Amino acid sequence: MAGADEYAIVLFSGGQDSATCLAWALAEFGRVETVAFDYRQRHRVELNCRKVVLAEFRRLFPKWSDKLGQHHLVDLGFLAELGETGLTGEQEIRMQANGLPSTFVPGRNILFLTTAAAIAYRAGIRHIIGGMCETDYSGYPDCRDNTMKAVQLALNLGMDTHFVLHTPLMWRDKADTWRLADELGGRPLVNLIREHTHTCYLGERTTRHDWGYGCGTCPACRLRADGWERWRARWDAPEDSGRVAPD
Ligand code: ZN
């Protein structure tokens, strides 16, 4: 693992997972930049949330604020032109014949990582952090650990460099992701994530649930809500007794 003298860049969308990854990177590395992608998502809520989340990180965690570097927003609008998906068009979110949900955007994460690596290369950044996760996801093949290892190898061969691609959420379920946020930033970070990050596929932010804003029924909301409930339940379990329960 790297130290405080190393630089990192986090794929940062403004959602729960990438906000947790940002906290992880700020705890690990000396300087952390962030990158978001505009690929004509069907709603703009998540991209708007990221500004608030970054501002709240700076406000609530002064020691992290000093490490938080430039934020990049990269226009990848052509992804939407390549074909509609449940995330980029008005298509209904459903399971497809190939076993993947219609929210799968082919090539998206590979393109994200390649773009982040291009920024990292020029900025002298060695570590790239993404919130990909094999445990709780919808079976997206570009979230799998083997895909990440292959992308890391391809980037290092293709740019003749030594990037390290980190996926701190890879083997965590959503309950563990809440727990990791608590370990990294305590209740202030958990509450920041509840209030200001966005997960809902439909861009719904009018209904406030215990776990944050969202429609409460789309696959992303269900995962987030279920993880929150399971994390809360664990706080009542005997091995966690003595800790303060989440409010
Ligand atoms: Zn939703």
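Here we summarise the structure given alongside this text.

Rules used in this analysis
Residues numbered from 1 in each chain as written. Predicted model: local features only at pLDDT ≥ 70, side-chain atom pairs only at ≥ 80, totals over all residues. Heavy atoms only, no water. Helix = DSSP H or I, 4+ residues; strand = E, 2+ residues; numbered from the N terminus. Expected span 1.5 Å × (residues − 1). Buried < 20%, exposed > 50% of the residue type's maximum accessible area, 1.4 Å probe, protein only. Donors = N, O, S within 2.8 Å, 3.2 Å for Na, K, Ca; no water. Tetrahedral: all angles 85-135°; square planar, octahedral: opposite > 155°, others 65-115°. Polar contact = N/O pair within 3.5 Å; in protein donor to acceptor, adjacent residues only side chain to side chain. Core = buried A, V, L, I, M, F, W, Y, C linked by side-chain atoms within 4.5 Å. Contact = heavy atoms within 4.5 Å. Pairing = 2+ DSSP bridges. Axes fitted to C-alpha atoms, helices over the stretch in contact; angles between N-to-C directions. Parallel < 35°, antiparallel > 145°, perpendicular 65-115°, else oblique. Left-handed = near helix turned anticlockwise from the far one by under 90°. Nonpolar A, V, L, I, M, F, W, Y, C, P; charged D, E, K, R; others polar. Salt bridge = Lys/Arg side-chain N within 4 Å of Asp/Glu carboxyl O.

1. A few points about helix 1 (residues 16–28)
At step 1: With 13 residues, helix 1 should reach 18 Å at 1.5 Å per residue; the first-to-last C-alpha distance of 19 Å fits that figure.
At step 2: Counting buried positions along helix 1 yields 11 of 13 residues, so the element is predominantly enclosed.
At step 3: Every buried residue belonging to helix 1 is among Q16, D17, S18, A19, T20, C21, L22, A23, W24, A25 and L26, and all of these are buried.

2. Section: the coordination of the zinc ion
At step 1: Binding of the zinc ion to the protein goes through C200 (SG), C215 (SG), C218 (SG) and C221 (SG), at separations of 2.3 to 2.4 Å.
At step 2: For the zinc ion, the 4 donor atoms are set out with angles of 105 to 116° between them, so the coordination reads as tetrahedral.
At step 3: In the primary structure, the donors to the zinc ion are separated according to the pattern C-x14-C-x2-C-x2-C. Of this pair, C200 sits in the loop between helix 7 (174–196) and strand 6 (208–209) while C218 sits in the loop between strand 7 (212–213) and helix 8 (219–235), placing them 18 residues apart in sequence.
At step 4: For C200, a relative accessible area of 1% translates into the label buried.

3. Focus: unusual backbone geometry
At step 1: With a phi angle near 50°, D160 is a residue other than glycine that sits in the positive phi range.
At step 2: Look at D160 and you get exposed, because its relative accessible area is 68%.

4. Thoughts on helix 5 (residues 108–123)
At step 1: Over its 16 residues, helix 5 extends 23 Å from the first C-alpha to the last, a length consistent with the 22 Å expected when each residue adds 1.5 Å.
At step 2: What helix 5 keeps buried is the set R108, N109, F112, L113, T115, A116, A117, I119 and A120.
At step 3: The positive-phi residue at the C-terminal boundary of helix 5 is G124, with phi of around 70°.

5. Structural notes on the side chain of D173
At step 1: In this structure, D173 sits in the loop between strand 5 (164–166) and helix 7.
At step 2: Judged by its relative accessible area of 14%, D173 falls in the buried class.
At step 3: Engagement of the side chain of D173 in a polar contact is seen with the side chain of R230, the distance being 2.9 Å.

6. Topic: the environment of R108
At step 1: Relative to the helices and strands, R108 is located in helix 5.
At step 2: It is 7.8 Å that separates the C-alpha atoms of R108 and D142, two residues lying 34 residues apart in sequence.

7. Things to note about the nonpolar core
At step 1: Among the nonpolar cores identified, the biggest contains 64 residues, and L11, L22, F57, I128 and L189 are the most heavily contacted of them.
At step 2: Examining the composition of this core, we find that 8 residues originate from one element, helix 7, more than from any other.
At step 3: Once residues lying within four places of it in the same chain are set aside, the contact partners of I128 are I9, L11, L113, A116, A117, A120, F163, V164, L165 and H166.

8. Some thoughts on the sheet that holds strand 3 (residues 68–75)
At step 1: Spatially, 3-2-1-4-5 is the arrangement adopted by the 5 strands of the open sheet, whose pairing is parallel. The open sheet has two edge strands with one neighbour each: strand 3 and strand 5. Between one strand and the next, the sheet's axes are offset by a mean angle of 20°, whatever the strand orientation.
At step 2: As paired strands, strand 2 (residues 31–38) and strand 3 are joined by 6 bridges and run parallel to one another.

9. Some details on the packing of helix 5 against helix 6 (residues 145–159)
At step 1: Two elements in contact, helix 5 and helix 6, have axes whose closest approach is 11 Å; the angle formed by their N-to-C orientations is 40°. If you check the angle between helix 5 and helix 6, you find them oblique. Both helix 5 and helix 6 take part in a crossing whose hand is right-handed. On the side of helix 5, the interface is formed by I110, L113, T114, A117, A118 and Y121, while helix 6 contributes M148, V151, L155 and M159.
At step 2: In terms of residue class, the contact of helix 5 with helix 6 is made up of 9 nonpolar, 1 polar and no charged.

10. Observations regarding the pattern of salt bridges
At step 1: A full pass over the atoms with the stated rule returns 10 salt bridges.
At step 2: R194 is paired through a salt bridge with D210; the nearest N and O atoms lie 3.0 Å apart. Placement of the pair is R194 in helix 7 and D210 in the loop between strand 6 and strand 7, with a sequence separation of 16 residues.
At step 3: Of the residues examined, R194 reaches a relative accessible area of 5% and is grouped as buried.
At step 4: Of the charged contacts, one joins R208 and E195 as a salt bridge, the two residues approaching to 2.3 Å between their closest N and O atoms. Linking R208 in strand 6 with E195 in helix 7, this pair joins segments that are 13 residues apart in sequence.
At step 5: Among the ionic contacts, a cluster of salt bridges with common partners joins D173, D226 and R230.

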